[in-house]
Amino acid sequence: MHGQGVSKGLCYAKVHVLEDKPIQFPTEYASAQAEEKKFRDALADVLSETEEMKERALCTVGKEAAEILDAHCSLLKDEGMLDPISESIQDGTNAAQSVENAMNTFIEMFEGMENEYMAQRALDLKDIKDRLIRRILHIKKDDLSNLSEMMILAGEDIAPSITAGMDTEHLAGMLMELGGVTSHTAILARTLDVPAVVGASGLMNEIKTGDMIAFDGETGEIMINPTSEEVKQFQESMKKQKEEKEKLKLFSMRRAETKDHQQLNVCGNIGGTDDLKKVMEYGADGVGLFRSEFLFLVSASLPTEEQQLAAYKTVLEEIKDKPVIVRTLDIGGDKEVKALGLKKEENPFLGLRAIRLCQAKPEVFHTQLRALLRASVYGNLQIMFPMISSLQELRWAKEQLEYCKKQLEEEQIPYKQNIKVGIMIEIPATAVMARQFAAECDFFSIGTNDLTQYTLAVDRGNDDVAGLYSYFHPAVLRMIEMAIEGAHAQGIPCGMCGEAAGNAYMLPILIGLGLDEYSMTASSILELKQAASRIDTAECKELAARVMRLGTWDEVRTELEKFVAERN
Ligand code: PEP
Ligand code: MG
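Residues numbered from 1 in each chain as written. Chains lettered and ligands numbered in written order. Predicted model: local features only at pLDDT ≥ 70, side-chain atom pairs only at ≥ 80, totals over all residues. Heavy atoms only, no water.

Caption draft 1: Molecular detail of the environment of Gly491. By the secondary structure assignment, Gly491 is in the loop between helix H19 (474–489) and strand S15 (494–496). On the basis of relative accessibility, which here comes to 64%, the residue Gly491 falls in the exposed class. Note: C-alpha distance between Gly491 and Ala438 (53 residues apart in sequence) is 8.2 Å. (Helix = DSSP H or I, 4+ residues; strand = E, 2+ residues; numbered from the N terminus. Buried < 20%, exposed > 50% of the residue type's maximum accessible area, 1.4 Å probe, protein only.)

Caption draft 2: A look at the site of ligand 1. If you check the shell around ligand 1, you find 15 residues, and the closest are Arg291, Arg327, Gly447, Asn449 and Arg460. Contacts to ligand 1 include Arg291, whose side-chain N or O atom sits 2.8 Å from an oxygen atom. Between an oxygen atom of ligand 1 and a main-chain N or O atom of Thr448, the distance comes to 3.1 Å. Considering ligand 1 on its own, with 290 Å² of exposed area, one finds that the protein chains cover 98% of that surface. (Near = heavy atom within 4 Å. Polar contact = N/O pair within 3.5 Å; in protein donor to acceptor, adjacent residues only side chain to side chain. Areas by Shrake-Rupley, 256 points an atom, 1.4 Å probe, with all protein chains shown as cover.)

Caption draft 3: Broad picture of the coordination of the magnesium ion (ligand 2). Here the magnesium ion (ligand 2) is held by Glu426 (OE) and Asp450 (OD), and the distances to it run 2.0 to 2.2 Å. Of the two residues, Glu426 sits in the loop between strand S13 (420–425) and helix H16 (428–432) while Asp450 sits in helix H18 (residues 448–456), which places them 24 residues apart along the sequence. Of the two residues examined, Glu426 and Asp450, each falls in the buried class. (Donors = N, O, S within 2.8 Å, 3.2 Å for Na, K, Ca; no water.)

Caption draft 4: The arrangement of the pairing of strand S10 (residues 287–291) in detail. The element S10 is extensively covered by neighbouring structure, given that five of its five residues are classed as buried. Direction of pairing for strand S9 (residues 263–270) relative to S10: parallel, over a ladder of three bridges. Looking at S10, one finds that Ile270 is bridged to Phe290. Inspection of the sheet shows S10 paired to strand S11 (residues 323–327) by three bridges, in the parallel sense. By the bridge assignment for S11, Arg291 is matched with Arg327. (Pairing = 2+ DSSP bridges.)

Right under this line is the structure:
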């Protein structure tokens, strides 16, 4: 079988399948008062149980799972969600059926959202709904708080309420029929560092509790009851992988350094406070990209100045005085925020996205800039503007920052002086004009994810043209070269926070071109540090000069692969 690998690692163990028998709904209706009481009692029980689970999760599975449960507590107190249930009870539907009907409306709304992250939140609502109904009908669920041996946990969906109370010491891996990369199971698996595969359609028909399963959390391949020969081979690979992992761990203590002892700045990309833990554990030099829009994607309303301040402050304080580059809102493109009430666009990636959207909604931008300025006193904050395509946009954004500084001064609210202000280089026009831009800001960070799509006119999310999308394309490399040269000509640093920054094959060419900072998802940090330790700066320079003259991206890639393989 096959699914989507969402947390790396090989896993072989016995499986425990979460039972998910359909609930039989009663049709009886006592009285409006009695049904409302059943509902309110169940609500109180589930809420206090969730609060307890949250506390327990903090000690067992960590802050991230605790935050998911905290969100559940907020939903359980949200009158906007609870009122329709009571109304349905008043209209003559029993408590269990009212919860089912009213909550399904919300679930469908979330499921219909194009944004993958929001669609995954529908699974959280399903979890709450299921627990409320079970409580009303007195139906018990699996108890996984005390497992006797290492187990793979499998289910159609693995609810956060199950994982929070679970004996994670004995959790070997997770398999799920539903879900994607941003499902809570995927997030949790990565946090716990256990292998996981999600989106394995048909899984629940093929497995039962007690089956032995081998799977690969990277490729998504799943083997059910493999033969002894297959098990032997698989276990050998597991052993090798474990040894590799141990070797890699040594790199968390050191800074990235090439063979000739040139130190590299390796930073982490985060989408919120939760992602910071691994970035720090792997010894990153800071945060090179905080995608602040994730704060907007997770809530139904726009986060307030205070809520944003709290998130920025947490990151700045936790990472001490290491630099944190917060990118201002990059909404639009494939990231939709319902609360902004924007109209559908024909070409959202070329439309009202990021800084352009902020120009259309200056009040939203000001709230964010005020929160950022206020947070600046807690650490080493730098501010970065996304999707800058013209100098007017950069100047406008800087003016808004000055305007917010003035406001704070009038209100006698402190902020740090001399906060560094930079831009993303992700539009070809900006790379081409890098020198002019560099004269008006403090740093660059190249966003290769977008720079590749805009340089090559290839939609980054369209599978049909995925074969044309490659940051190894010589035209993209030229753009990168121009950005770095432009920055250096004006004496400012140029980093990179697109996916290419964490790619071991791109590393030699980026070193050769003189990139100043590499920012990537936490899971790439150790491998990149290891890759750096095997190469020499002078050789990288020679390689870059040679590779920049090649004509196609597969020639470039082949050349780089050869270079890396010879040094491994
Ligand atoms: C990029 O475009 O490379 C980038 C880092 O931004 P995002 O992936 O969030 O668009
Ligand atoms: Mg981008």
